[in-house]
Amino acid sequence: MDKKNLVKKALEAKKNAYAPYSGFHVGAALLTDNGKIYTGCNIESASYTPTICAERTAICKAVSEGERKFIAIAITGDSEWTYPCGVCRQTIREFGEDIVVIVAKSEDEYKEYTLKELLPHSFGPENLK
Ligand code: THU
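Please read all numbers here as calculations on a predicted model, not as lab measurements.

Take Ser 122: it is sitting in the segment after α4 (115–118). Side-chain polar atoms of Ser 122 contact the side chain of Glu 97, separated by 3.3 Å. What Ser 122 contacts, discounting residues up to four positions off in sequence, is Arg 93, Glu 97 and Asn 127.

What follows covers the packing of aromatic side chains. With the rule as written, the count across this model stands at three aromatic pairs. Their ring planes at 55 degrees and their centres at 6.0 Å tell us that Tyr 21 and Tyr 48 sit as a pair that is tilted. You can see Tyr 21 sitting in the loop between α1 (3–14) and β1 (26–32) and its partner Tyr 48 sitting in the loop between β2 (37–41) and α2 (54–64), a full 27 residues away along the chain. Cation over ring: Lys 111 sits above Trp 81, and NZ or CZ is 4.3 Å from the ring centre.

So, about the UniProt feature "active site" (unreviewed entry) in the protein. Under the present numbering, the feature "active site" (unreviewed entry) in UniProt falls on Glu 55. Tracing the sequence through the fold places Glu 55 in helix α2. For Glu 55, a relative accessible area of 4% translates into the label buried. Setting aside residues no more than four positions away along its own chain, Glu 55 makes contact with Val 26, Ala 28, Ile 73, Ile 75, Pro 84, Cys 85 and Cys 88.

Before going further, it helps to examine the site of the ligand. Near the ligand the following residues occur: Ser 22, Phe 24, Val 26, Asn 42, Glu 44, Thr 51, Cys 53, Ala 54, Glu 55, Tyr 83, Pro 84 and Cys 85. Within the contact set of the ligand, an oxygen atom lies 2.9 Å away from a backbone nitrogen or oxygen of Ala 54. Contact with the protein chains hides 79% of the accessible area of the ligand, taken as 370 Å² for the molecule alone. The residue inventory of the shell around the ligand, partitioned by class, reads seven nonpolar, three polar and two charged.

This next bit is on the nonpolar core. Formed by 18 residues in total, the largest nonpolar core has its most connected members in Leu 30, Ile 73, Ile 92 and Val 101. Element by element, the count of residues in this core is highest for α2, at four residues. In this view, Ile 73 contacts Leu 6, Ala 28, Ala 29, Leu 30, Glu 55, Ile 92, Ile 99, Val 100, Val 101 and Ile 102; residues no more than four positions away in its chain are not counted. By size, the runner-up hydrophobic cluster in this structure holds ten residues, among which are Ala 29, Ala 74, Val 100 and Ile 102.

Attention now goes to unusual backbone geometry. Within the chain, Tyr 48 stands out as a residue other than glycine whose phi angle is a positive 60 degrees. Residue Tyr 48 is classed as exposed on the basis of its relative accessible area of 59%.

This structure, assessed with the given rule, holds eight salt bridges. Several salt bridges converge on common partners, so that one network encompasses Glu 80, Lys 105 and Glu 109.

Cut-offs applied
Residues numbered from 1 in each chain as written. Predicted model: local features only at pLDDT ≥ 70, side-chain atom pairs only at ≥ 80, totals over all residues. Heavy atoms only, no water. Helix = DSSP H or I, 4+ residues; strand = E, 2+ residues; numbered from the N terminus. Polar contact = N/O pair within 3.5 Å; in protein donor to acceptor, adjacent residues only side chain to side chain. Contact = heavy atoms within 4.5 Å. Phe/Tyr/Trp six-rings, centres within 6.5 Å; stacked < 30°, edge-to-face > 60°. Lys NZ or Arg CZ within 6 Å of the ring centre and 35° of its normal. UniProt positions renumbered as here; feature names shortened; annotations may be inferred. Buried < 20%, exposed > 50% of the residue type's maximum accessible area, 1.4 Å probe, protein only. Near = heavy atom within 4 Å. Areas by Shrake-Rupley, 256 points an atom, 1.4 Å probe, with all protein chains shown as cover. Nonpolar A, V, L, I, M, F, W, Y, C, P; charged D, E, K, R; others polar. Core = buried A, V, L, I, M, F, W, Y, C linked by side-chain atoms within 4.5 Å. Salt bridge = Lys/Arg side-chain N within 4 Å of Asp/Glu carboxyl O.

Below you can see the structure in the form of structure tokens.
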């Protein structure tokens, strides 16, 4: 896995963030098992609630294109280390606990976790079988 390239894509996606209310820009890049990368940025709304995070934008783009198997997601935001929010952790969780979550400050500085580390003892699709 080319983690540096995934981080680069997240940094590029961050430039498209539509965040006129918070002023906080986030970018994400999601790697599929067949090597494709889907990017996302946060998109805010004047009525606030419809706001979607960068991670979920990327996941929505990928799933709506028929992708379901994800290897990793890189995230970068305006704070030094921008971790995925709880809703995004749960959304990533839907597609696997082993997905690697890369939290990036720059192309050369990033930290790596598994989704399971960020969302332990989670509820997921297996619970509904
Ligand atoms: N945001 C994300 O895009 N991802 C996260 O995981 C944390 C929060 C966005 C949502 C909102 O547009 C802005 O950051 C401030 O919360």
